[in-house]
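Structural characterization, general
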Amino acid sequence: MLLLTLRTREGGRRLLISASVAGARVHYTAESFENPAEPPMFCMLLRKHLVGGRIQSVEQPEGERMLSIRLFSRDELGDESEKTLAVELIGRSANIVLVGADGRIIDCLRRMEYGGEGRGMLPGLIYRLPPRQNKLSFFSCSEEELRFTIEHMEDGAFDKRLLDSFAGLSPLICRELAYRSRQDRELLLDNALALRETVSAGDFVPTLVSIDGAPRDFSFMAINQYGEGASCERFDSFCALLDAFYARRDRAESRRRRSRELMHTVKTVQERLNRKLAAQRKELLETAGREEIRRRAELITANIYRMKKGQRELVCENYFEEDCPEIRIPLDPLKTPQQNAAALYKDFNRKKAAEEHLTVLIEQGERQNEYLGAVVDEIERAESERDLNDIRRELVETGYLKKQRAAKNDRSKPQAPLRFLSSDGYEILVGRSNVQNDELTHKLARRTDLWLHAQKIHGSHVIIRTDGLEPPEATIAEAASLAAWYSQGREAGKIPVDITQVRFVRKPSGAMPGAVLYTDYTTLLAQPDESLAEKLKK
């Protein structure tokens, strides 16, 4: 992905050029992107050749998914020379190529040996345009050609037949035409002619299609094929449409990709802890019969005068129960009566000590398991690499991850809490991690500030800065929505959120990061709302 900063008559603009397989595109952008720690070599090459350049023209071969940006720039000696930035947005072969005035490739984003049609992508080779498709152009062919092709298409799914027969149609538009035509060729022809008229007149409607809140497709026209389960959102421009579509889609995908390794590590630790807890609980159950062992030891001691060495069983009255029923106690014939009693007392004391020890270990393990569950929720909600770095730092500090000796020293400072401004002007702070939740609640917040948290699930601590005033209900509702969004229940409907003053929130002794106890709270239902979070973010 490249970002070119342009100076235009309307002011500065940024042109995004992406050659990724899943998101190849060119458009103006208002989004911000994280720069790599070290710029790639191709980026450095473009800086050398294009910085200070003047765009002469932008051309698109008819019906082709590519762009040729011709510009003039000066070399090290100050001489002006012509360059062409060829952007090919062709699926897996998508590429960005810098071509000199002699038509030879200076370099390209993806170098490739000679492929089909004798076309290679290596520095020094002559740049050739991609071979054209041997199909009829949907938008430039005559009406007679269009009618003849549709009438003589093979039977079958219209969308596949349209895609095989015409150039210039995307799979989405082919599916839409087929959906609207309901397998009727005459209706398909009418819809095709109407589409050509729409494009010829420039009557475009930038539309984003979402299903269950997730972006699914985008188009220049209304899309009906997904039925009532989809929602369509219109935009003022195609640049704004593409910004919104890829930002929403890539935000979730990028977060999953970057967090996959960290999530695997935490899940592995959690699974190991759960196995350990299961074994400890099983051991704890085995200590349940220790009182019966103590009683048998006491019965042997009380009847020791009646016993002899080598005896295999003691039959006596059990005075620990009503009516003193007869009881049979197995004995080790190789031990004296005193040794049999001592062995039972030893077994009782061992199980008693084991119960006390295992109870403490299980409580600690359950707290750790709860904490790791909160970390999993943090990773799922992480929005950037810096968020993930903060979580890694937290796991190193809590001992769940080892600090890598070979890694470079991380000099980046932990991020500040997320900051929002309510519609009434009150500052709202949201913790990014468990450690930051502790700092936010117990160090940064004042005693009279309001504290909010999603009820009985993992989530961020949310603070409303009140300055000693009573916040309006609208501010409290917005903060509760933020607490719901930055919690484990963000994909649910309305969830309960607890609200209290910071002075009623305390951290238990020995608790894991982020764990608190609180009193004197009220509860309200709040709807997780991403758009509200984006609107209020400072």
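Residues numbered from 1 in each chain as written. Predicted model: local features only at pLDDT ≥ 70, side-chain atom pairs only at ≥ 80, totals over all residues. Heavy atoms only, no water.

1. Some details on the sheet that holds strand 11 (residues 207-211)
Which entries qualify depends on this criterion: At least two DSSP bridges between two strands are required for those strands to pair. Only runs of H or I of at least four residues qualify as helices and only runs of E of at least two qualify as strands under DSSP, and these elements are numbered from the N terminus. Here the axes come from fitting lines to C-alpha atoms, over the contacting stretch only for helices, and the angles between their N-to-C directions go from 0 to 180 degrees.
Taken together, three strands build an open sheet; the order of strands is 12-11-13 and the sheet is antiparallel. Two strands bound the open sheet, and with one partner strand each, they are strand 12 (214-219) and strand 13 (230-234). Between one strand axis and the next, the sheet turns by 30° as a mean value, whatever way the strands run.

2. A closer look at the packing of helix 7 (residues 290-302) against helix 8 (residues 337-381)
Inclusion rule: Here the angle decides the label: under 35 degrees means roughly parallel, over 145 means roughly antiparallel, 65 to 115 means roughly perpendicular, and every other value means oblique. Each crossing gets its hand from how the near helix is turned against the far one by less than a right angle, where anticlockwise is left-handed and clockwise is right-handed. In what follows, residue pairs with any heavy atoms lying within 4.5 Å of each other are defined as contacts. The nonpolar class holds Ala, Val, Leu, Ile, Met, Phe, Trp, Tyr, Cys and Pro. Asp, Glu, Lys and Arg form the charged class, and all remaining residues, Gly among them, are polar.
Where helix 7 contacts helix 8, the two axes come as close as 9 Å, and the packing angle between them is 160°. As the angle between them shows, helix 7 and helix 8 are arranged roughly antiparallel. As for how helix 7 packs across helix 8, the hand of that crossing is left-handed. In this structure, helix 7 uses R290, E291, I293, R294, R296, A297, E298, I300 and T301 to contact helix 8, whose residues at the interface are P337, N340, A341, L344, Y345, D347, F348, K351, K352 and E355. Taken together, the residues that form the contact of helix 7 with helix 8 break down as eight nonpolar, two polar and nine charged.

3. Remarks on the pairing of strand 5 (residues 66-74)
In the sheet, strand 4 (residues 54-59) pairs with strand 5 via five bridges, with the strands oriented antiparallel. Within strand 5, the position partnered with E59 by the bridge is S68. With antiparallel pairing between neighbouring strands as the criterion, strand 4 and strand 5 make up a hairpin whose turn holds six residues, including G63 at a positive phi of roughly 75°. Direction of pairing for strand 5 relative to strand 6 (residues 80-88): antiparallel, over a ladder of nine bridges. Looking at the pairing, R74 lines up with E80 of strand 6. The turn linking strand 5 back onto strand 6 is made up of five residues, and G78 within it adopts a positive phi angle of 90°.

4. Some points on the environment of Q339
By the element assignment, Q339 lies in helix 8. Along the chain, Q339 and K309 lie 30 residues apart, while their C-alpha atoms are 9.7 Å from each other.

5. Some remarks on the side chain of E378
We count it as follows: Only protein chains enter the accessibility calculation, which uses a 1.4 Å probe; a residue is then buried when its area is under 20% of its type maximum, exposed when over 50%, and partly exposed in between.
When you line up the elements, E378 lands in helix 8. You can call E378 buried: its relative accessible area is 5%. Apart from the residues within four sequence positions on either side, E378 is in contact with I391, E394, R432, S433 and N434.

6. Topic: the environment of L189
When you line up the elements, L189 lands in helix 5 (residues 185-201). When the C-alpha atoms of L189 and D424 are compared, they prove to be 56 Å apart, with 235 residues separating the residues in sequence. Leave out the neighbours within four places in its chain, and L189 touches L146, R147 and I150.

7. Considerations on the sheet that holds strand 1 (residues 2-8)
The three strands lie next to each other as 1-2-3, forming an open sheet whose pairing is antiparallel. Edge positions in the sheet fall to strand 1 and strand 3 (25-28), since each has one partner strand and no second. Going across the sheet, the axis of each strand differs from the next one's by a mean of 20°, ignoring polarity. In this structure, strand 1 lies alongside strand 2 (residues 11-18), joined through seven bridges in antiparallel fashion. Bridging from a neighbouring strand, L2 pairs with I17 of strand 2.

8. Concerning the environment of P123
For P123, the location among the structural elements is in the loop between strand 8 (105-108) and strand 9 (136-137). Sequence spacing of P123 and D107 is 16 residues, and the spatial spacing of their C-alpha atoms is 4.9 Å. Once residues lying within four places of it in the same chain are set aside, the contact partners of P123 are I105, I106, D107 and R111.

Read these as geometric descriptors, not functional statements.
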